Amino acid sequence: MIQSFLALLSGAIVGFALFSNGELAAHTGPVVASVLAHATGALLSSLLWVGFFRSAPLWIVGTPLWIYLPGIPGSLAVIAYGISMNSPVGVSGTLCFGLFGQVISGLMMDHFGWVGSLRRELGFSDFAQVVLILFGTLILQRPTLILEWLPPVAAMIGGMLVGLSLAMNAQLGARLHL
């Protein structure tokens, strides 16, 4: 139950973070916004580790290096989201296309067992989920798609990168027993 609540809360936080990153990108550019967002995130995470998780190891011998690199797709996602949000797609469209990208990357990780995910066969409900999310996104963004295609594609790529980053973070947390 608590995991469901935390997932819902993190979804709400993502909406706020997306807006904040987009505003920052509008003033500084998407790359600088990504650097600043990740620097402040690293600072907060460091303070939380010192305050609450100091006994947790930072490195476990034998852990693959890729598990420690989820910030790479995460920072690329912030750049892609900055491009998308500062367009006619806006915050809601970026979230919709990003969600679509996250679902696609999540299904691919589930099906192929990428980044340590448990392999599973995809079924009808998986494909129905993709179709329904895409349909809802297209309804919301139909006027925008006629004018521009790059921002929605950037948001979908950003969503796929977020999915990859989350999966990598989950593997790291599992290895560190957090």
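Reading guide: rules and limits
Residues numbered from 1 in each chain as written. Predicted model: local features only at pLDDT ≥ 70, side-chain atom pairs only at ≥ 80, totals over all residues. Heavy atoms only, no water. Helix = DSSP H or I, 4+ residues; strand = E, 2+ residues; numbered from the N terminus. Rg over C-alpha atoms; globule rule 2.2 N^0.38 Å. Buried < 20%, exposed > 50% of the residue type's maximum accessible area, 1.4 Å probe, protein only. Areas by Shrake-Rupley, 256 points an atom, 1.4 Å probe, with all protein chains shown as cover. pLDDT = per-residue confidence, 0-100. Patch = residues over 30% accessible without salt bridge, like charges linked within 9 Å, V, L, I, M, F, W, Y side chains within 5 Å. Salt bridge = Lys/Arg side-chain N within 4 Å of Asp/Glu carboxyl O. Contact = heavy atoms within 4.5 Å. Axes fitted to C-alpha atoms, helices over the stretch in contact; angles between N-to-C directions. Parallel < 35°, antiparallel > 145°, perpendicular 65-115°, else oblique. Nonpolar A, V, L, I, M, F, W, Y, C, P; charged D, E, K, R; others polar. Expected span 1.5 Å × (residues − 1).

Caption draft 1: Structural view of the overall build of the protein chain. For the protein chain, the helix and strand inventory stands at six helices and zero strands. Ordered by position from N to C terminus, the α and β elements of the protein chain give α-α-α-α-α-α. Whereas a compact globule of 178 residues would reach a radius of gyration of roughly 16 Å, the protein chain reaches 17 Å, a difference of no more than 12%. Counting every position in the protein chain, which comprises 178 residues, the buried fraction comes to 34%. In the form shown here, the protein chain has an accessible surface area of approximately 10800 Å², with 76% of it arising from carbon and sulfur atoms.

Caption draft 2: Region of the structure containing the confidence of the model for the protein chain. Of the residues in the protein chain, 96% reach a pLDDT of 70 or more, and the chain-wide mean stands at 85. Least confident of the elements in the protein chain is helix α5 (residues 124–147), whose mean pLDDT is 82; most confident is helix α4 (residues 90–112), at 90.

Caption draft 3: Looking closely at a nonpolar patch on the surface. There is a patch of nonpolar side chains on the surface, built from Leu58, Trp59, Val61, Leu65, Trp66, Leu69, Ile72 and Leu76 and spanning about 840 Å² of accessible area. Of note, isoleucine 72 is situated in helix α3 (residues 71–85).

Caption draft 4: View of the side chain of serine 84. Turning to its location among the elements, serine 84 is positioned in helix α3. For serine 84, a relative accessible area of 0% gives the class buried. Look past the residues within four positions of serine 84 in its chain and what remains in contact with it is Val89, Gly90, Thr94, Pro151, Ala154 and Ala155.

Caption draft 5: Examining the packing of helix α1 (residues 2–28) against α3 more closely. It is at 8 Å that the axes of α1 and α3 come closest, and there the two elements cross at 75°. Taken together, the axes of α1 and α3 lie roughly perpendicular to each other. Where α1 approaches α3, its residues Leu18, Phe19, Asn21, Gly22, Glu23 and Ala25 are matched on the opposing element by Val78, Tyr81, Gly82 and Met85. Taken together, the residues of the contact of α1 with α3 sort by class into six nonpolar, three polar and one charged.

Caption draft 6: Here's a closer look at the environment of isoleucine 67. With respect to the element layout, isoleucine 67 can be found in the loop between α2 (30–52) and α3. Isoleucine 67 sits 48 residues away from valine 115 along the chain, and the two C-alpha atoms are 8.1 Å apart. Non-local contacts of isoleucine 67, meaning those with residues more than four positions away in its chain, are made with Met168, Gln171, Leu172 and Arg175.

Caption draft 7: Quick peek at α1. Given a rise of 1.5 Å per residue, 27 residues ought to cover 39 Å, and the 37 Å separating the end C-alpha atoms of α1 matches this to within 8%. Those residues of α1 that fall on the buried side of the exposure criterion are Gly15, Leu18, Asn21, Gly22 and Ala25. Packing partners of the buried residues in α1 comprise α2, α3 and α4. Immediately downstream of α1, the backbone of glycine 29 shows phi near 100°, a positive value.

Caption draft 8: Representation of unusual backbone geometry. The phi dihedral of valine 115 falls on the positive side, at around 45°, and the residue is not glycine. Here valine 115 shows up in the loop between α4 and α5. Assessed through its relative accessible area of 19%, valine 115 is described here as buried.

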